[in-house]
Amino acid sequence: MRAQELKHIVHTDSIRFIDCRYSLNDASYGKYAYRQGHLPNAVFLDLMEDLSGPLSEHGGRHPLPSKQAWTETLRRIGIQRDDLVIIYDDGFPFAARAWWLFKWAGHERVIVLEGGIQSGITYCGETTTDVPSYPVSDYTPVFQDKMIATIEDVRAATVTGGLYDSRTADRYDGSHEPIDRKPGHIPNAVLCPYTEAVTDLGTLQDFHDLKEHYADVLDVPNPIFYCGSGVTACVNILALHALGKDDVRLYPGSYSDWISYPENKVHP
């Protein structure tokens, strides 16, 4: 959703705003920013505490929360099945991760606010420090596990194809790896940087530019996308949904999970 559309619906009772601001360089940033000011009636979801599960040997740096944990989160913040959920961060990636989790739970009425909180302020007015409280709901997800690619699916794709790396080119080719202990990419993966789907203003590229960017993906059945830890790949998945391609799968653990198995090879 573009921010200018907000002024037409912002007073609708069934709208729920979700603030997902986060910084990979400062885990406390999102909560601090939320306390300093957020869109009216927005609740906060933290990448590590709410949008990820506990770390373990496998699963990557941001494992998916369990179905039970994600269900409890949705109920705790009072989400109802017919709510229109509008998610924002400072740009796109963390909101896209939350969007994916809502879609995984079978919630159809969920969108990302393009341009992040700044665009929301432009059309909603000033921020607030008031923290809303919603009654606990009885939300019952209908999980869409077809949205997930398992490690076995990814291993098969290293032979059959249809695997896409959402990271930047320097991380894909291993020339610069600031996070993971082993540089490179999953064998047979094709580079498809999520950054090329997003403008400097934190909006998706226009329809024609997106079609050009994903020209080699649109006809691939059930493509698999990964990134470093299952966050920025969600931007690619959201953009493809915007083009009408909804058979895209996420490898949740992504590259950080792949290299946690000693037997898995990587390519520079």
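Residues numbered from 1 in each chain as written. Predicted model: local features only at pLDDT ≥ 70, side-chain atom pairs only at ≥ 80, totals over all residues. Heavy atoms only, no water.

**Student:** Just checking my understanding: could you explain the nonpolar core for this structure?
**Tutor:** Note on soluble globular proteins: their nonpolar side chains tend to be buried together. With 52 residues, the main nonpolar core has Ile18, Trp70, Ile87, Trp100, Tyr214 and Phe225 as its most contacted residues. Looking at which element gives the most residues to this core, the answer is helix α4 (residues 93–104), with nine residues. Each of domain 1 (3–144) and domain 2 (148–259) contributes no fewer than three residues to this core. Residues contacting phenylalanine 225, with those up to four places away along its chain left out, are Tyr164, Ser166, Cys192, Val217, Ala233, Asn236, Ile237, Leu240, Val248, Arg249, Leu250 and Tyr251. With 14 residues, the next largest nonpolar core counts Ile151, Ile224, Tyr251 and Tyr255 among its residues. (Core = buried A, V, L, I, M, F, W, Y, C linked by side-chain atoms within 4.5 Å. Buried < 20%, exposed > 50% of the residue type's maximum accessible area, 1.4 Å probe, protein only. Helix = DSSP H or I, 4+ residues; strand = E, 2+ residues; numbered from the N terminus. Domains from an automatic or database assignment. Contact = heavy atoms within 4.5 Å.)

**Student:** Help me out: how do you make sense of the pattern of salt bridges in this one?
**Tutor:** Enumeration according to the criterion identifies 13 salt bridges in this entry. Close ionic contact of arginine 76 with aspartate 50 constitutes a salt bridge, the shortest N to O distance being 3.0 Å. Remark: aspartate 50 occurs in the loop between β2 (43–44) and α3 (67–76) and arginine 76 occurs in helix α3; sequence separation between them is 26 residues. With a closest N to O distance of 2.3 Å, aspartate 180 and arginine 61 form a salt bridge. Taken as a pair, aspartate 180 in the loop between α7 (169–172) and β6 (190–191) and arginine 61 in the loop between β2 and α3 lie far apart in primary sequence, 119 residues in all. A residue is classified by how much of its surface remains accessible, and aspartate 180, at 9% relative accessible area, is buried. What emerges from the salt-bridge pattern is a single network uniting Arg61, Asp165, Arg167, Arg171, Glu177 and Asp180. (Salt bridge = Lys/Arg side-chain N within 4 Å of Asp/Glu carboxyl O.)

**Student:** Mind showing me how you'd approach the sheet that holds strand β5 (residues 163–165) here?
**Tutor:** By way of backbone hydrogen bonds, the strands of a sheet pair with one another, either parallel or antiparallel. Taken in spatial order, the four strands make up an open sheet running β6-β5-β7-β8, and their pairing is parallel. Edge positions in the open sheet fall to β6 and β8 (249–250), since each of these has one partner strand only. Alignment of β5 against β6, held across two bridges, turns out to be parallel. Paired with aspartate 165 across the bridge in β6 is leucine 191. With respect to the sheet, helix α9 (residues 233–242) is in contact with β7 (224–226) and β8, its orientation differing from that of β7 by roughly 145 degrees. (Pairing = 2+ DSSP bridges. Axes fitted to C-alpha atoms, helices over the stretch in contact; angles between N-to-C directions.)

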